[in-house]
Amino acid sequence: MSFADLGLSDELLSAVTDAGYTEPTPIQAQAIPSVLMMRDLIGVAQTGTGKTAAFVLPMIDILAHGRSRARMPRSLILEPTRELAAQVAENFEKYGAGTKLSMALLIGGVSMGDQIKALEKGVDVLIATPGRLMDLFGRGNILLTGCSMLVIDEADRMLDMGFIPDIEEICTKLPKTRQTLLFSATMPAPIKRLADKFLDNPKTIEVSRPASTNLNIKQWLVPVSGVAARKRDALRRLLGQDEVRNAIIFCNRKTTVRELNKSLKSHGFKSGEIHGDMEQAQRIAELDLFKDGKINILVASDVAARGLDIKGVSHVFNFDAPWHPDDYVHRIGRTGRGGATGIAFTLVTAEDAENIQNIEKLTGQTIDRLDLDAAPETEAPAAAAGEPRRTRRERAPRAEGRRDRAPRASAAEVEVATPEPAPVAEAAPVRTERPQREPRAEPAFAPPPRRDVRRDDRNDRRPRRDERDDGPDDGWNGPIPDFLNAVIAL
């Protein structure tokens, strides 16, 4: 089957051919005709199978007829992360190059003023994350009453990120007569209830069992010690293999992402990082460096587990075993995309036994174990000029001419040079009584005792005014007048 058999327009077929695609994937072959028939749809397929094009291509043909109005988008696509939203926008620009459709991207970390200006001009396609969309809606900058098509992409990721209440509120603000498309790699019970509530007699398409992994990806579990240094050493040995062209390394915590990237750079690897604490411009810059090949290793948190469609990723490494089994499916799905093959390694410790058990239970397969100690060791690439300094253990030995320690003598030399042991002296008798201390001789001249100022001041305080001795106390502090002497004589 070719794309021409799906009922797409000639302009769109030309854009698909220019993009290098000749045959549709199974999810595209089954979803595109149903979307063109304006039916509600539930698409369940593993990551990397082309779900984005399955709704982008028919949407372009449907929206080609019509006119946009200010602040009233004609269609809405909800994405869980900024990276996935930006990637969908790139697909619209690529496939819709021959049309006059307008598009706006509403994501966080970008100036809100530019987004408001785009909405005021009127857009045919609005791609947004739920948080920024609700913010602009609350400010009165957008109306959803003219939206005739809704796409909820990566619905299970929306559930994990707590966006389901926002999506339910958004759906209540949309017109009831609309077409709704829901795509996801997994279908947990809350997503099923959401579909039953807001979709009208949808057609369900499952091209693979929910939560199944790509068969083109070879998976390995690498048991290591729980010490962080041991895990980093095992990771460097795996990265040093010749077949590793470029790789994405996933960690559970943002702090681990930063520390691991710093460690890889100190060992001469061309690596970068991406996590949720970075500004949007920084994240885009790191992704561009990875796509352009300026760095071949990208250390990331689960913010990059979904939506990243980078061709040619040969390996995926789980430095930390994911806490949720669904995240494992999405992480390793960054490789082996578009029919290519890939390899995924997961470093596991004794504490990860329950997580691995849940992953194998979800995917329905047992992952092979790789004994790294039995594999030949590989050296890490040498640090290029301008790279950070290596650790003390990895520095080269001191050059000649510097003051070094004297060479250690051999065992034979030590035995010859060792003198004979001296005879052991008899132990002195233990004293049973404490010796009397001789009295100290009195000095010829003894200085006067030191005066305690604080105590003396208490006794030598200055008398109060009424206690001062200003003369003989004759009752008046002076001689008695004559008239009083006369009175006293009477």
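Before any of the text, the structure's been laid out above.
In what follows, the accompanying structure is described. Note that the structure is a prediction, hence the values are computed from the model and not measured.

### Things to note about the overall build of the protein
The helix and strand tally for the protein stands at 17 helices and 14 strands. Within the protein, residue pairs in contact and separated by at least 24 positions form 75% of the contacts whose partners lie at least 6 positions apart. Put simply, the protein shows about 29,100 Å² of open surface, and 50% of that area lies on carbon and sulfur atoms.

### Notes on the packing of aromatic side chains
Under the counting rule described, the total for this entry stands at two aromatic pairs. Taking the centre distance of 5.4 Å and the plane angle of 40 degrees together, the rings of Phe55 and Phe183 count as tilted. One end of the pair, Phe55, is in helix α3 (residues 51–63); the other, Phe183, is in strand β6 (residues 179–184), with 128 residues separating them in the sequence. Side by side, Phe55 and Phe183 carry an identical accessibility label, which is buried. With a centroid separation of 5.5 Å and 10 degrees between ring planes, the pair formed by Phe317 and Phe345 is classed as stacked. With Phe317 in strand β12 (residues 315–318) and Phe345 in strand β13 (residues 342–348), this pair connects stretches of sequence that are 28 residues apart. Judged by relative accessible area, which is 1%, Phe317 ranks as buried. Lying over the aromatic face of Trp220, Lys218 brings its terminal NZ or CZ to 4.7 Å of the ring centre. The aromatic ring of Phe319 is capped on one face by Lys231, whose charged end is 4.6 Å from the ring centroid.

Rules used in this analysis
- Residues numbered from 1 in each chain as written.
- Predicted model: local features only at pLDDT ≥ 70, side-chain atom pairs only at ≥ 80, totals over all residues.
- Heavy atoms only, no water.
- Helix = DSSP H or I, 4+ residues; strand = E, 2+ residues; numbered from the N terminus.
- Contact = heavy atoms within 4.5 Å.
- Areas by Shrake-Rupley, 256 points an atom, 1.4 Å probe, with all protein chains shown as cover.
- Phe/Tyr/Trp six-rings, centres within 6.5 Å; stacked < 30°, edge-to-face > 60°.
- Buried < 20%, exposed > 50% of the residue type's maximum accessible area, 1.4 Å probe, protein only.
- Lys NZ or Arg CZ within 6 Å of the ring centre and 35° of its normal.

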